[in-house]
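# Topology and contacts: notes
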Amino acid sequence: MPAVSLPFNPVLLILLASWGYLCLYLAPRLKGNPLVPVEYESIIQVLALFGGPFIILGLVLADSSESAEGKNFWERLRDGVLGTMGVQPVEENRSGLQLFDATGAELSQLYGHGESGSGDRRVLGVTIQIIEDAVKHRASDILIDPKDQASYAVRMRVDGALRTVRILPAATSRAVLNSIKAVSSMDLAERRRPQDGAFTAKRGNTSVSFRVASSGALNGEKLSIRVLNQNAGRFTLVDVGMPDHQRALVLNALNKPSGMVLVCGPTGSGKTTTLYSMLNSIDRRTRNVISVEDPIEAHLPDVSQIEINAKAKITFAGSLRSILRQDPDVICVGEIRDEETAEIAVRAAQTGHLVLATIHCDSNPTALTRLLDLGVSPMLLSSGLSLVMSQRLLRKLCPKCKQPAKLTPAVAAGLRQRGVDTRLLYQASGCDFCAGTGYYGRMAVCDLLPVTDELRSEMAHNPSIAAKLRTEGEKKSRTNMRNEAFRAATAGLTSLEEFKRVVG
Ligand SMILES: [Zn+2]
């Protein structure tokens, strides 16, 4: 295809015009030509006049039509011919996307033998295409694992749901795996023991970072690649989907000079994004903000970000201790995992620092009992905490294809009885924009637990607080979360099905 966006290839159009002139020139000269038998003269005249131009017109039309993979007629023809000869077609890297390792070396220098034969070029083309698809479709993870002895599946997680994007023959997959391991600074010879690595994809001024983990699997080796959300650094509490009444509570806690704001939720519930959106609502020019993360998902201006590195013995607890000597106002702890980190973080919150942290657990009451289990004294916890929030992610309905919800009369009557305007309910449909899923993007639904004086005194003085949190607190927390998710459904942001899937 020509670089300019003409509907037809101009070269072929010129050829078509020339052929027309040639036919007009030849047609009168066929009469009495000794090479043409008299009885066929007229039919050959007609063919010369119309046949040729029609063939070229056909080629022009075929050329201008592109296949789903963006290949034109000629490339498909070439691939077809090569395919019948048993040669795999070459996937060229036409996107301009380049992959770099931690030292800044480019993928083609790291993989293959430098001369980039067509085999190597093809592998690199497939690798880059996979990475490019992941970025384009906003995937959070890419999984490449053996399906059986002959093939590997490439799957992507988009808005929390996994989908298979392609099946590759085993030989190609092993080469693709090796190219990704090479650019992630991993040992290619090690196929069984788990390894970690990282690489960056760049195009122009934009870049996306990837975390790679490999391990042995049945029938080969598997790779899971996490796509770090570079946009997270620009998120605000509004982008996260937090309604006004909750945002006011969060901002109130963030504007205090000290105290701990704890975000909890299971893996993949968007805790880090919420943490970043909180940091984004803090004035970072007047307050010294330091964060410890594993890994750093996005760069935040005016924040000193420290990355955990187990190999180099940079731990959460160790980093926190050194941070406290650097006169911080706000400390962000990527995740509280151990007793030492819990103790230092809560103590910092109690001694004049605003601490933002995440903890891996289901609900606010379990977060509190978890901290107590980690050895934080009830007294310290009650004086350090200012707000606990837990969250889940709901998929948002695709704005381009959502349909008014079709409800059974019984369900509709039930909803109306609860005061719901059923005309505002929508359901998922599916279009090209949302890859047929009916959903596009996600929002957080949160349960907030402000630590009031009443709760504080109960935490400090009631020895059976843990038991009470597990029963009473747990029930209340589930109801709150359900109410928030239901509010999103009745505002037409998500469907009743998604509401049931996440909190039902
Ligand atoms: Zn759609």
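These numbers were taken from a predicted model, which means no experiment stands behind them. (Residues numbered from 1 in each chain as written. Predicted model: local features only at pLDDT ≥ 70, side-chain atom pairs only at ≥ 80, totals over all residues. Heavy atoms only, no water.)

## What about the nonpolar core?
- One finds Met-260, Leu-262, Val-333, Ile-336 and Leu-385 to be the most contacted residues of the largest nonpolar core, which totals 37 residues.
- If you tally residues by element for this core, the top one is helix α11 (residues 339-350), at 6 residues.
- The residues contacting Leu-385, other than those within four sequence positions of it, are Met-260, Leu-262, Leu-368, Val-451, Arg-456 and Met-459.
- Core analysis: the next-biggest nonpolar cluster, separate from the first, contains 35 residues, Ile-144, Val-154, Leu-168 and Ala-175 among them. (Core = buried A, V, L, I, M, F, W, Y, C linked by side-chain atoms within 4.5 Å. Buried < 20%, exposed > 50% of the residue type's maximum accessible area, 1.4 Å probe, protein only. Helix = DSSP H or I, 4+ residues; strand = E, 2+ residues; numbered from the N terminus. Contact = heavy atoms within 4.5 Å.)

## Here's the deal with α11
- The terminal C-alpha atoms of α11 lie 17 Å apart, and with 12 residues this matches the ideal 16 Å at 1.5 Å per residue to within 8%.
- The complete set of buried residues in α11 reads Thr-341, Ala-342, Ile-344, Ala-345, Val-346, Ala-348 and Ala-349.
- Those residues of α11 that are buried lie in contact with β8 (259-265), α10 (316-323), β11 (330-333), β12 (354-360), α12 (364-373) and α13 (378-384).
- Measuring from the backbone nitrogen of Glu-340 back to the side-chain oxygen at the start of α11 gives 3.1 Å, which picks out Asp-338 as the cap.
- Directly beyond the C-terminal end of α11, a positive phi value near 90 degrees is found at Gly-352. (Expected span 1.5 Å × (residues − 1). Polar contact = N/O pair within 3.5 Å; in protein donor to acceptor, adjacent residues only side chain to side chain.)

## What about the packing of aromatic side chains?
- In the structure shown here, the tally under the stated rule is 3 aromatic pairs.
- Above the plane of the ring of Tyr-439 lies Arg-395, whose end atom (NZ or CZ) is 4.1 Å from the centre.
- Above the ring of Tyr-426, the side-chain terminus of Lys-402 is found at 4.6 Å from the ring centroid. (Phe/Tyr/Trp six-rings, centres within 6.5 Å; stacked < 30°, edge-to-face > 60°. Lys NZ or Arg CZ within 6 Å of the ring centre and 35° of its normal.)

## Let's talk about the packing of α10 against α11
- Closest axis-to-axis distance for the α10/α11 pair is 8 Å, and the angle between their directions is 25 degrees. In this view, α10 runs roughly parallel relative to α11, as classed from their interaxial angle. Viewed along their axes, α10 and α11 form a crossing whose handedness is left-handed. When α10 is examined against α11, the residues Phe-316, Ala-317, Leu-320 and Arg-321 are found in contact with a partner set consisting of Glu-340, Thr-341, Ile-344 and Ala-345.
- Looking at the contact of α10 with α11 residue by residue, the classes come out as 5 nonpolar, 1 polar and 2 charged. (Axes fitted to C-alpha atoms, helices over the stretch in contact; angles between N-to-C directions. Parallel < 35°, antiparallel > 145°, perpendicular 65-115°, else oblique. Left-handed = near helix turned anticlockwise from the far one by under 90°. Nonpolar A, V, L, I, M, F, W, Y, C, P; charged D, E, K, R; others polar.)

## Concerning the environment of Leu-237
- If you trace the backbone, Leu-237 turns up in helix α7 (residues 237-240).
- Accessibility expressed as a relative area gives 4% for Leu-237, which makes it buried.
- For the pair formed by Leu-237 and Asn-280, sequence separation is 43 residues and the distance between their alpha carbons is 8.4 Å.
- With near-sequence residues (within four places) excluded, Leu-237 lies in contact with Met-242, Arg-247, Val-250, Leu-251, Ser-277, Met-278 and Ser-281.

## Details of the coordination of the zinc ion
- Distances from the zinc ion to its protein donors, Cys-398 (SG), Cys-401 (SG), Cys-431 (SG) and Cys-434 (SG), fall within 2.3 Å.
- The site at the zinc ion holds 4 donor atoms, and with the angles between them running 104 to 114 degrees, its shape is tetrahedral.
- Every donor residue of the zinc ion comes from the same chain, spaced as C-x2-C-x29-C-x2-C. In this pair, Cys-401 is assigned in the loop between β13 (385-397) and β14 (403-404) and Cys-431 in the loop between β15 (426-427) and β16 (439-450), connecting sequence segments 30 residues apart. (Donors = N, O, S within 2.8 Å, 3.2 Å for Na, K, Ca; no water. Tetrahedral: all angles 85-135°; square planar, octahedral: opposite > 155°, others 65-115°.)

## Considering the sheet that holds β8
- Pairing within the open sheet is mixed, and its 7 strands lie in the order β10-β9-β11-β12-β8-β13-β16. Each of the sheet's edge strands pairs with one partner strand only, and the pair in question is β10 (303-307) and β16. Between one strand axis and the next, the sheet turns by 20 degrees as a mean value, whatever way the strands run.
- With 10 bridges connecting them, β13 and β16 associate as antiparallel partners. For Leu-397, the partnering residue across the bridge sits in β16 and is Tyr-439.
- Its contacts with the sheet put α10 on β9 (289-293), β10 and β11, and the angle it makes with β9 is roughly 165 degrees. (Pairing = 2+ DSSP bridges.)

## Regarding the pattern of salt bridges
- Here the structure, examined in full by the defined rule, presents 21 salt bridges.
- Between Asp-283 and Arg-285 there is a salt bridge whose closest N-O contact spans 3.7 Å.
- Classification of Asp-283 as partly exposed rests on a relative accessible area of 34%.
- A salt bridge links Arg-423 to Asp-421; the nearest nitrogen and oxygen atoms lie 3.1 Å apart. (Salt bridge = Lys/Arg side-chain N within 4 Å of Asp/Glu carboxyl O.)

## Some words on the confidence of the model for the protein chain
- Averaged over the protein chain, the pLDDT score is 87; the fraction of residues at 70 or greater is 89%.
- Least confident of the elements in the protein chain is helix α3 (residues 73-84), whose mean pLDDT is 67; most confident is β12, at 97.
- Throughout residues 1-5 the model reports pLDDT below 50, and contacts reaching past four residues in sequence, or to other chains, amount to 8 contacts. (pLDDT = per-residue confidence, 0-100.)

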